[in-house]
Amino acid sequence: SGMLERIEHDDLVEAIQSVLLTFDERDQIIIQLYYFEELTLKEISEIVNITESRISQIHKSVIRRIKEAVGGR
């Protein structure tokens, strides 16, 4: 998470929100639980009923898109 910490928090939140719009609703919920509610992958997996490894994959793809979104300006 080192890279994300160096980005201005407001820019990051803005970028996350714009990137989130490109994801389906379930993935958006996962990311919101992870970032804004700060739940663990285990807790999220119980809420949305998806395996932790799948959530981890979704999370990685989200991070990649957020980095692209933030880096692209």
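Relevant structure appears above.
Residues numbered from 1 in each chain as written. Predicted model: local features only at pLDDT ≥ 70, side-chain atom pairs only at ≥ 80, totals over all residues. Heavy atoms only, no water.

A few points about helix 4 (residues 41–48)
Move 1: When we look at burial in helix 4, the residues that qualify are Ile44, Ser45 and Val48. All buried residues of helix 4 project into a common sector of 100 degrees when viewed along the axis, lining one side. Residues Glu46 and Ile47 are exposed on helix 4 and point more than 90 degrees away from its buried face.
Move 2: Residues of helix 4 that are buried sit in contact with helix 3 (25–36) and helix 5 (52–71).
Move 3: Where helix 4 terminates, the next one or two residues include asparagine 49, which has phi positive at roughly 60 degrees. (Buried < 20%, exposed > 50% of the residue type's maximum accessible area, 1.4 Å probe, protein only. Helix = DSSP H or I, 4+ residues; strand = E, 2+ residues; numbered from the N terminus. Arc of directions from axis to C-beta. Contact = heavy atoms within 4.5 Å.)

Looking at unusual backbone geometry
Move 1: You will see that glutamate 38, though not glycine, has its phi angle at about 55 degrees, which is positive.
Move 2: At asparagine 49, a residue that is not glycine, the phi angle is positive and equals roughly 60 degrees.
Move 3: Taking relative accessible area as the criterion, asparagine 49 reaches 70% and is therefore assigned exposed.

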